[in-house]
Amino acid sequence: MTDRQALKSFVESRLEGSRYFLVDLRVSPDNIIQVEIASPEGVDLDECVELSRAIEAAFPRDEEDYELEVGSAGLTSPFKVPAQYAMNVGRDVEVLTADGRKLKGRLAAADADGFTVEVAEKVKKEGAKRPVVEMHPLTFAYSDAKSVKLDF
């Protein structure tokens, strides 16, 4: 089976300095390698082909046979790395929290420790006849969310 850590190091060094970053790398027991990359400007097919060829050159198939898939992280897939959060600040997201709550809001910020989502809450002001909608920030550590994905 292909050495996942060596492959990950190779892909990360290959993408270093480019607009692309590694989102996920999986190697199945039957040696199917799946590489997901992303970029704030989107992923171009030529970059996937170029990365695929570079992997094949560095990890020859005649030494160990494998199936290789290089593609972009899907728009409907949950975020996996902090860079995906950072590139989607300002967009609407759906958060499934570790305690099972489902929240929808706008991704307001993301850093190395976690992310902040602004959610709309109805609040009835004292003396008002009807509640008004106010935006409230909720901050999460990455480990506090089971999944976060774009909300279309």
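The preceding data block contains the structure.
Let me sum up the structure you'll find in this document. What you see is a predicted model, and the numbers here were worked out from it, not measured in a lab.

Calculation notes
Along each chain, the written sequence defines residue order, and numbers are assigned to residues from 1. For a predicted model such as this one, the threshold for reporting local features is a pLDDT of at least 70, and the threshold for listing and counting side-chain atom pairs is 80 or more; totals across whole chains, interfaces and linings nevertheless cover every residue. Hydrogens and water molecules were not included; the side-chain quantities draw on all heavy atoms of the structure. Only DSSP runs of H or I with at least four residues qualify as helices, and only runs of E with at least two residues qualify as strands; both kinds are numbered from the N terminus onward. What qualifies as a polar contact is a pair of N or O atoms within 3.5 Å, subject to a donor-acceptor requirement within protein and to the restriction that residues adjacent in sequence count only when both atoms come from side chains. The contact rule is simple, with two residues in contact once any of their heavy atoms fall within 4.5 Å. The buried label goes to any residue with under 20% of its type's maximum accessible area, the exposed label to any with over 50%, and the partly exposed label to all in between, with areas taken from a 1.4 Å probe on protein chains only. Between any two strands, at least two bridges found by DSSP are needed for them to pair. Helix axes are fitted to C-alpha atoms over the stretch in contact, other axes to C-alpha atoms as well, and angles between N-to-C directions run from 0 to 180 degrees. Working definition of a nonpolar core: buried Ala, Val, Leu, Ile, Met, Phe, Trp, Tyr and Cys residues. They are joined through side-chain atoms within 4.5 Å. We define a salt bridge as a side-chain nitrogen of Lys or Arg found within 4 Å of a carboxyl oxygen belonging to Asp or Glu.

**What about the side chain of Glu36?**
Part 1 of the argument: By the secondary structure assignment, Glu36 is in strand 2 (residues 32-38).
Part 2 of the argument: Here the side chain of Glu36 touches Arg26 through a polar contact of 3.5 Å, side chain to side chain.
Part 3 of the argument: Contact partners of Glu36, with chain neighbours within four places excluded, come to Phe21, Leu22, Val23, Asp24, Arg26, Gly71, Ala73 and Lys80.

**Brief notes about unusual backbone geometry**
Excluding glycine, residues mostly carry a negative phi; peptide bonds, for their part, are mostly trans.
Part 1 of the argument: Unlike most non-glycine residues, Asn31 shows phi in positive territory, near 65°.
Part 2 of the argument: Mapping Asn31 onto the fold places it in the loop between strand 1 (21-27) and strand 2.
Part 3 of the argument: The buried category is assigned to Asn31, whose relative accessible area is 6%.

**Some thoughts on the environment of Val93**
Part 1 of the argument: Mapped onto the fold, Val93 is located in strand 4 (residues 92-97).
Part 2 of the argument: Each C-alpha atom of the pair Val93 and Val119 lies 9.9 Å from the other, and the pair is 26 residues apart in sequence.
Part 3 of the argument: Excluding residues within four positions of it along the chain, Val93 makes contact with Phe79, Leu103, Lys104, Gly105, Leu107, Val117, Val148, Lys149, Leu150 and Asp151.

**Focus on the sheet that holds strand 8 (residues 145-150)**
Part 1 of the argument: With antiparallel pairing, the five strands of this open sheet are ordered in space as 7-6-5-4-8. Across the chains shown, the open sheet's two edge strands, defined by having one partner strand only, are strand 7 (132-141) and strand 8. Strand-to-strand, the axes of this sheet are offset by a mean angle of 40°, without reference to chain direction.

**Details of the nonpolar core**
Buried together is how nonpolar side chains tend to be arranged in soluble globular proteins.
Part 1 of the argument: Counting 17 residues, the largest nonpolar core has Leu7, Val11, Val35, Leu51 and Ile55 as its most contacted members.
Part 2 of the argument: Elements supplying a minimum of two residues to this core: helix 1 (4-15), strand 1, strand 2, helix 2 (45-58) and strand 3 (67-72).
Part 3 of the argument: Counting 14 residues, the second-largest nonpolar core is a separate cluster that includes Phe79, Val95, Leu103 and Val148.

**Overview of the pattern of salt bridges**
Part 1 of the argument: Evaluated as defined, the whole model comprises 13 salt bridges.
Part 2 of the argument: As a salt-bridge pair, Glu36 and Lys80 come within 3.3 Å of each other at their nearest N and O atoms. With a gap of 44 residues between them, Glu36 in strand 2 and Lys80 in the loop between strand 3 and helix 3 (82-87) connect regions that are remote in the sequence.
Part 3 of the argument: Looking at Glu36, the relative accessible area reads 14%, which means it is buried.
Part 4 of the argument: On the basis of relative accessibility, which here comes to 40%, the residue Lys80 falls in the partly exposed class.
Part 5 of the argument: For Lys104, the salt bridge is made with Asp151, and the minimal N-O distance between the two is 3.6 Å. Highlighted residues: Lys104 in strand 5 (residues 102-110) and Asp151 in the segment after strand 8, separated in sequence by 47 residues.
Part 6 of the argument: On the basis of relative accessible area, Lys104 is assigned to the partly exposed category, the value being 48%.
Part 7 of the argument: Taking the relative accessible area as the measure of exposure, Asp151 reaches 26% and is therefore partly exposed.

From the geometry alone we can't say anything about function, so treat these as descriptive.
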